[in-house]
Amino acid sequence: MGLFRAKGVVYKPVENVNLGPDSDEFYLQANVKAPRMAGFPVKIFAWFLESRIFGTFLLYILKRNNLIHKLVTNAELKESPVYVPMHPFEELNEQEVKHIDSGLSPSEQVQQAINCLPLPSEKIVNGLKPSFRRWTIMDYSKAYSSGEITPCMVAEQLVTAIRESSSPPMDMAFFINYDAEDILRQAKESTRRYERGEPISALDGVPIAIKDEIDCSPYPTTGGTKWLHKFRSCKGDACCVMRLRSCGAVIIGKTNMHELGAGTSGINPHYGATRNPYNPGMISGGSSSGSAAVVAAGLCPVALGVDGGGSVRMPAALCGVVGFKPTFGRVPHSGVLPLNWTVGMVGVLAGTIEDAFIVYAAINGPLPSHETSAIPLPKVYFPLLQSTNSVSNVILARYGEWFSDCGDDIRTCCSQALHQLSEKFGWKTVDVTIPDIESMRLAHYLTIGSECTAALSSYLEKLDNAESGWDLRVALCVYGSFSGEEYIKAQKLRSRQMQFHRNIFTKADVIVTPTVGVTAYPIFDDALKTGELDYINGAALVRYQIAGNFLGLPAVTVPVGYDKNGLPIGLQFIGRPWSEPTLIHIAYAMQTLCVSKYRKPQVFYDLLEKD
């Protein structure tokens, strides 16, 4: 292949790159050269890729045509590689925050978060009472405490709703696994605690769903596959699940996901295509598809996901809910499938930013074993949401060409939302340039693929290919083609981008973008049994996601409107490391301006029966 070696980019040293609005850095749009495939064509393609004769040549062509060779493999860059995006903790002097003692239990941290919330009101915003809103953690907690409804009553309705949504004609494919008896058992224990007047926390009795990438008894952890749990048994709860249980939450089952997290649509050939509650003919997004959809459909106020390449924020935006991904290292990864250990993070999907905050309060913090670590532990601050108006002088960085590289409805809606923030709160938007965004996307893809195959190598040797979906088989072929040299080049690009972003955060508090480049697109019948390859839509969905994962930055998406077909649109804020309180403040401010326009999905369950 040496004769055909694609010439690589020579990257300028970081210190010579202009990040201002007058920069001459060229914005390169995603250069995806791959047709959509599903059904029989994807089988043929997988067979060719898996063949020794054709596979190597085909993979070379694919990587060359999609600029991996030019922008990563053969690139010349001087930066040293950074393999793990762990940021040293620094005091950020954020406004309107409260320091939280590191010795608190999860339930005590939940109470501290609730103390930061605004006082209950009729939720009239800008003189308008919202036409629709999902029930929140505090709605459940108050209903249980007043005795007007019990966790048992909610659990019974919930089990009925899950059965209905999982069966024809709906087939929403929200869950991979749930156990009605286990749900009812947890609800009975919670009901008894309320009867004694001893609920553990505001989360007591609140239904919460868990992505099937996170260990959670009594369920196997499948990762969306039909085989992984046979090789790797679930021996107990992940740390984040354990912390939720210690607050009294009712864990309602394992949500559906894109197989091994290796796609963006949420179409799983084994467990069904997770359908979007706003339009069941459309995708819900991946890979935390089920977690986004169950929250959107009202089956629970909150669910956990894992965000390795936008896998929490992307489906959250497509399903019209909040998606929150903390800083790398803020939430323990213990008990999560080690599919992508330097880019993946447990994240929260919720109907409101307040609920995302409460669950973040429950699950954040180091493992107890880290107490003897030589690395100073990051301090925890919570945002005082009673006083959003007093968070002043927020500066939002916007890269105009990147921001506008999306569908017309998304661009218009997100621009209007940003204008509203400026008008209402007097916050400023500054124009910046973020170089090499497409290079960062490819470097992240190379990293997540390499880490996935490295993590699964001992299992993949024993695996019969026929047990995997056809789209996953293609993904694993591509992942397995990456070399050690390519992985190191990708980590040099990571180092470069971390320096760029550090510089931008000296001028701004957050970077603002649309969350995804396209709204939810149709689920086609030919993809149901094989999965689909749709790299063009996939690149549009991950366009704004990568910095959060590759660089370990916290990020949040908030619903801000709908396209002309009534499908949700999200706006994303990416923060500097450890700035979760400022991100939550900004997201809450955005939510207050949009909440009166939120719409009810086509598929929605009212478990508190207050309609």
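Residues numbered from 1 in each chain as written. Predicted model: local features only at pLDDT ≥ 70, side-chain atom pairs only at ≥ 80, totals over all residues. Heavy atoms only, no water.

The protein chain appears in an unreviewed UniProt entry as Amidase domain-containing protein from Populus trichocarpa. Of the protein chain, the UniProt comment under Sequence similarities (unreviewed entry) reads exactly: "Belongs to the amidase family." (UniProt positions renumbered as here; feature names shortened; annotations may be inferred.)

**Things to note about the overall build of the protein chain**
Each helix and strand counted, the protein chain has 20 helices and 19 strands in total. In summary, the protein chain has a C-alpha radius of gyration of 23 Å against a globular reference of 25 Å for 611 residues, a match within 12%. Overall, the C-alpha framework of the protein chain stretches about 75 × 55 × 55 Å when taken along its three principal axes. Taken over 611 residues, the protein chain has a buried fraction of 63%. Only carbon and sulfur atoms are counted for the fraction: they give 53% of the accessible area of the protein chain, which is about 23,000 Å². Taken as two groups, the 57 positive and 60 negative side-chain charges of the protein chain have centres that lie 3 Å from each other. (Helix = DSSP H or I, 4+ residues; strand = E, 2+ residues; numbered from the N terminus. Rg over C-alpha atoms; globule rule 2.2 N^0.38 Å. Buried < 20%, exposed > 50% of the residue type's maximum accessible area, 1.4 Å probe, protein only. Areas by Shrake-Rupley, 256 points an atom, 1.4 Å probe, with all protein chains shown as cover. Lys, Arg positive; Asp, Glu negative; His and termini not counted. Charge placed at Lys NZ, Arg CZ, Asp CG, Glu CD.)

**Observations concerning a nonpolar patch on the surface**
Judged by side-chain polarity, Tyr83, Val84, Met86 and Ile488 come together as a nonpolar surface patch covering roughly 350 Å² of accessible area. Within the element layout of this structure, Met86 appears in the loop between helix H3 (68–73) and strand S2 (97–100). A relative accessible area of 45% means that Met86 is categorised as partly exposed. (Patch = residues over 30% accessible without salt bridge, like charges linked within 9 Å, V, L, I, M, F, W, Y side chains within 5 Å. Salt bridge = Lys/Arg side-chain N within 4 Å of Asp/Glu carboxyl O.)

**Some details on the nonpolar core**
Counting residues in each nonpolar core, the largest one holds 204 residues, and the members touching the most others are Leu203, Leu244, Phe573 and Met590. Setting aside anything within four residues of it in sequence, one finds Met590 in contact with Ala417, Gln420, Leu421, Val558, Val560, Leu571 and Phe573. (Core = buried A, V, L, I, M, F, W, Y, C linked by side-chain atoms within 4.5 Å. Contact = heavy atoms within 4.5 Å.)

**Here we look at the packing of helix H14 (residues 408–425) against helix H20 (residues 580–594)**
Closest axis-to-axis distance for the H14/H20 pair is 10 Å, and the angle between their directions is 100°. Classified by the angle between their axes, H14 and H20 sit roughly perpendicular to one another. When H14 is examined against H20, the residues Ala417, Gln420, Leu421, Lys424 and Phe425 are found in contact with a partner set consisting of Ala589, Met590, Thr592 and Leu593. Within the contact of H14 with H20, the residues separate by chemical class into 6 nonpolar, 2 polar and 1 charged. (Axes fitted to C-alpha atoms, helices over the stretch in contact; angles between N-to-C directions. Parallel < 35°, antiparallel > 145°, perpendicular 65-115°, else oblique. Nonpolar A, V, L, I, M, F, W, Y, C, P; charged D, E, K, R; others polar.)

**So, the pairing of strand S10 (residues 302–307)**
Most of S10 sits out of view: 6 of its 6 residues are buried. The alternating pattern of S10 places Val302, Leu304 and Val306 and Ala303, Gly305 and Asp307 on opposite faces, both of which are buried. Taken together, the 3 bridges between strand S4 (residues 207–211) and S10 define a ladder with parallel strand orientation. Bridging from a neighbouring strand, Ile208 pairs with Val302 of S10. (Pairing = 2+ DSSP bridges.)

**Looking at the sheet that holds strand S12 (residues 345–350)**
For sheets, the rule is that strands pair by backbone hydrogen bonds, running either parallel or antiparallel. On the basis of which strands lie adjacent, the open sheet formed by 11 strands has the order S3-S5-S4-S10-S12-S11-S18-S19-S16-S14-S15 and mixed pairing. Each of the sheet's edge strands pairs with one partner strand only, and the pair in question is strand S3 (175–177) and strand S15 (428–431). Mean inter-strand twist for the sheet, computed between neighbouring axes without regard to direction, equals 30°. Note that strand S16 (residues 510–514) and strand S19 (residues 568–575) share 5 bridges and pair antiparallel. Its bridge partner lying in S19, Pro514 is registered against Leu571. Sheet strands in contact with H14 are strand S14 (395–398), S15, S16, strand S18 (555–562) and S19, and its direction is about 55° off that of S19.

**A look at H14**
With 18 residues, H14 extends 26 Å between its outermost C-alpha atoms, agreeing within 8% with the 26 Å of an ideal straight helix rising 1.5 Å per residue. Turning to H14, its buried residues number three or more, namely Ile410, Cys413, Cys414, Ala417, Leu418, Leu421 and Phe425. Angular distribution of buried residues about the axis of H14 spans 135°; they occupy a single face of the element. Opposite the packed face of H14, turned more than 90 degrees from it, sit the exposed residues Asp408, His419 and Glu423. Downstream of H14 by one or two residues, Gly426 has phi in the positive range, about 70°. (Expected span 1.5 Å × (residues − 1). Arc of directions from axis to C-beta.)

**Description of the side chain of Thr274**
For Thr274, the location among the structural elements is in the loop between strand S7 (272–273) and strand S8 (275–276). A residue is classified by how much of its surface remains accessible, and Thr274, at 0% relative accessible area, is buried. Here Asn256 takes part through its side chain, which lies 3.3 Å from a polar atom of the side chain of Thr274. Not counting chain neighbours up to four residues away, the residues in contact with Thr274 comprise Met172, Ala173, Phe174, Asn256, Gly266, Met282, Ile283, Ser284, Ser289, Gly290, Ala293 and Ile523. (Polar contact = N/O pair within 3.5 Å; in protein donor to acceptor, adjacent residues only side chain to side chain.)

**A closer look at the state of the cysteines**
One pass over the structure, following the stated rule, counts 0 disulfides. Here Cys452 stays free of any disulfide, with the sulfur of Cys477 as its closest cysteine sulfur at 13 Å. Note on Cys452: relative accessible area 4%, which makes it buried. (Disulfide = S-S within 2.5 Å.)

**Some words on the pattern of salt bridges**
Applying the stated rule across the entire model yields 28 salt bridges. Here Lys379 ties to Glu91 by a salt bridge, and the two come within 2.8 Å at their closest N and O atoms. Separated by 288 residues along the polypeptide, Lys379 in the loop between helix H12 (353–363) and strand S13 (380–383) and Glu91 in the loop between H3 and S2 bring together distant segments of the chain. Where salt bridges share partners, they join Lys12, Asp24 and Glu25 into one cluster.

**Section: the packing of aromatic side chains**
Using the criterion set out here, one finds 20 aromatic pairs in the structure. With a centroid separation of 5.3 Å and an interplanar angle of 45°, the aromatic rings of Trp402 and Tyr544 are classed as tilted. One end of the pair, Trp402, is in helix H13 (residues 400–403); the other, Tyr544, is in the loop between helix H18 (535–542) and helix H19 (546–550), and 142 residues separate them in sequence. Residue Trp402 is classed as buried on the basis of its relative accessible area of 4%. Overall, Tyr544 belongs to the buried group, its relative accessible area being 0%. One aromatic cluster is present, built from ring pairs that chain together Phe324, Phe357, Tyr360 and Phe382. One cation-aromatic arrangement involves Arg398 over Phe403; the distance from NZ or CZ to the ring centre is 4.6 Å. Over the face of the ring belonging to Trp470 we find Arg473, whose NZ or CZ atom lies 4.0 Å from the ring centre. (Phe/Tyr/Trp six-rings, centres within 6.5 Å; stacked < 30°, edge-to-face > 60°. Lys NZ or Arg CZ within 6 Å of the ring centre and 35° of its normal.)

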